[in-house]
Amino acid sequence: MTVKVAVIHYSATGTVHTLAQAVAEGAASTGAEVRLRRVAELAPDKAIDSNPRWRQHADATAALEEATLDDLAWADAYAFGTPSRFGAPAAQLKQFIDQASGLWQAGQLADKPVTVFTAAYNRHGGAEATILSLSNVFYHWGALIVPPGYTDPVVFAAGGNPYGTAATGDAEDGPEASTLVAARYQGERLARTTLRLHAGTQALATPDTLDNADSELSAQSG
């Protein structure tokens, strides 16, 4: 059985992009089919040019395919990444998500596992608030939020954020190694959770399984 995972993110100077690559690697390690996508940039060139690292990253990832609503329809699970913007997701990612109302109304986003990762300059710079803020969207979707939780020692080694992997600082060499390990684990956990969900759904759809379940319920009620 193969599941499909869409890793959709916005990154200005590259930190979240590096996390997204690690999440994608973790999901792919389970055999999942993965699409790594960036959302469209909304900032004007003047703003991008004001920060050399922003311009450098924008140019370096120009060839990376932009996310579309087809990616949401295609995927069995989602991993969304965003830098923290005053404790909330970046406008670029939110603008993409705001286009998904048609898929939501059609029920195509419900029951799909989803996880979030982020980055903030300071350790208390809003990472947890950003993840929780973005998670409000997924309650509306009826999606199944899959946090890393405290389910593996790598979470503690990366700072102990149970809501989602969060890079700290703005070092030019990117996130710390322990943070990337945690991001890979988060992607792997998302994919494995999706695999288990699909396996259970298929089992329930098997007539023999349903007959056995009905018999057990009848015996209990008797």
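Residues numbered from 1 in each chain as written. Predicted model: local features only at pLDDT ≥ 70, side-chain atom pairs only at ≥ 80, totals over all residues. Heavy atoms only, no water.

Comments concerning the overall build of the protein
So, point 1. When its secondary structure is counted, the protein shows 10 helices and seven strands.
So, point 2. The C-alpha radius of gyration of the protein comes to 19 Å, within 12% of the 17 Å expected for a compact globule of 222 residues.
So, point 3. Counting only C-alpha atoms and orienting by the principal axes, one finds that the protein spans roughly 70 × 40 × 30 Å.
So, point 4. By the burial criterion, 45% of the 222 residues in the protein qualify as buried. (Helix = DSSP H or I, 4+ residues; strand = E, 2+ residues; numbered from the N terminus. Rg over C-alpha atoms; globule rule 2.2 N^0.38 Å. Buried < 20%, exposed > 50% of the residue type's maximum accessible area, 1.4 Å probe, protein only.)

Some points on the environment of aspartate 71
So, point 1. Positionally, aspartate 71 belongs in helix 4 (residues 69–74).
So, point 2. What aspartate 71 contacts, discounting residues up to four positions off in sequence, is Ala6, Ile8, Arg35, Arg37, Glu66 and Tyr78.
So, point 3. At a separation of 2.9 Å, a polar atom in the side chain of aspartate 71 contacts the main-chain amide nitrogen of threonine 68. (Contact = heavy atoms within 4.5 Å. Polar contact = N/O pair within 3.5 Å; in protein donor to acceptor, adjacent residues only side chain to side chain.)

What to know about the nonpolar core
So, point 1. Ile8, Leu72, Tyr78, Phe80, Phe138 and Trp141 are the most contacted members of the largest nonpolar core, which has 29 residues in total.
So, point 2. Listed by contribution, the elements that provide at least two residues to this core are strand 1 (4–9), helix 4, strand 3 (77–85), helix 5 (91–98), strand 5 (113–120) and helix 7 (127–141).
So, point 3. Element by element, the count of residues in this core is highest for helix 7, at five residues.
So, point 4. Beyond its immediate stretch of four places on either side in the chain, tyrosine 78 contacts Ala6, Asp71, Leu72, Ala73, Gln108, Leu109, Lys112, Pro113, Val114, Thr115, Trp141 and Leu190.
So, point 5. Membership of the second largest hydrophobic core comes to 23 residues, among which are Ala32, Ala77, Ala79 and Leu195. (Core = buried A, V, L, I, M, F, W, Y, C linked by side-chain atoms within 4.5 Å.)

Details of helix 9 (residues 177–205)
So, point 1. Helix length check: helix 9, at 29 residues, gives a terminal C-alpha distance of 42 Å against a target of 42 Å (1.5 Å per residue), a fit within 8%.
So, point 2. Looking only at helix 9, the buried set comprises Thr179, Leu180, Ala182, Ala183, Tyr185, Gln186, Gly187, Leu190, Ala191, Thr193, Thr194 and Leu195.
So, point 3. Elements that come into contact with the buried residues of helix 9 comprise strand 1, helix 1 (15–28), strand 3, strand 5, helix 8 (153–157) and strand 7 (166–168). (Expected span 1.5 Å × (residues − 1).)

Looking at helix 5
So, point 1. Every buried residue of helix 5 is listed here: Gln92, Leu93, Phe96 and Ile97. With its buried residues spanning 135° around the axis, helix 5 presents them on a single face.
So, point 2. On its buried side, helix 5 packs onto strand 1, helix 4, strand 3 and helix 7. (Arc of directions from axis to C-beta.)

Digging into the side chain of threonine 194
So, point 1. Along the chain, threonine 194 turns up in helix 9.
So, point 2. Here threonine 194 falls in the buried class, since its relative accessible area comes to 0%.
So, point 3. Contacts of threonine 194, omitting those with residues within four sequence positions, involve Val3, Asp76, Ala77 and Pro113.

Quick word on the pattern of salt bridges
So, point 1. Per the counting criterion, the structure on display carries 10 salt bridges.
So, point 2. Notably, a salt bridge pairs arginine 184 with glutamate 25, separated by 2.9 Å at the nearest N-O pair. Taken together, the residues arginine 184 in helix 9 and glutamate 25 in helix 1 connect sequence positions 159 residues apart.
So, point 3. Exposure remark for arginine 184: the relative accessible area of 34% places this residue in the partly exposed category. (Salt bridge = Lys/Arg side-chain N within 4 Å of Asp/Glu carboxyl O.)

Side note on the pairing of strand 5
So, point 1. Among the eight residues of strand 5, eight are classified as buried, and the element is accordingly described as predominantly covered.
So, point 2. Judged by which residues are buried, strand 5 turns out to be covered on both faces: Pro113, Thr115, Phe117 and Ala119 on one side and Val114, Val116, Thr118 and Ala120 on the other are all buried.
So, point 3. Sheet analysis places strand 3 next to strand 5, joined by six bridges and oriented parallel. Paired with phenylalanine 80 across the bridge in strand 5 is valine 116.
So, point 4. Note that strand 5 and strand 6 (residues 144–145) share two bridges and pair parallel. (Pairing = 2+ DSSP bridges.)

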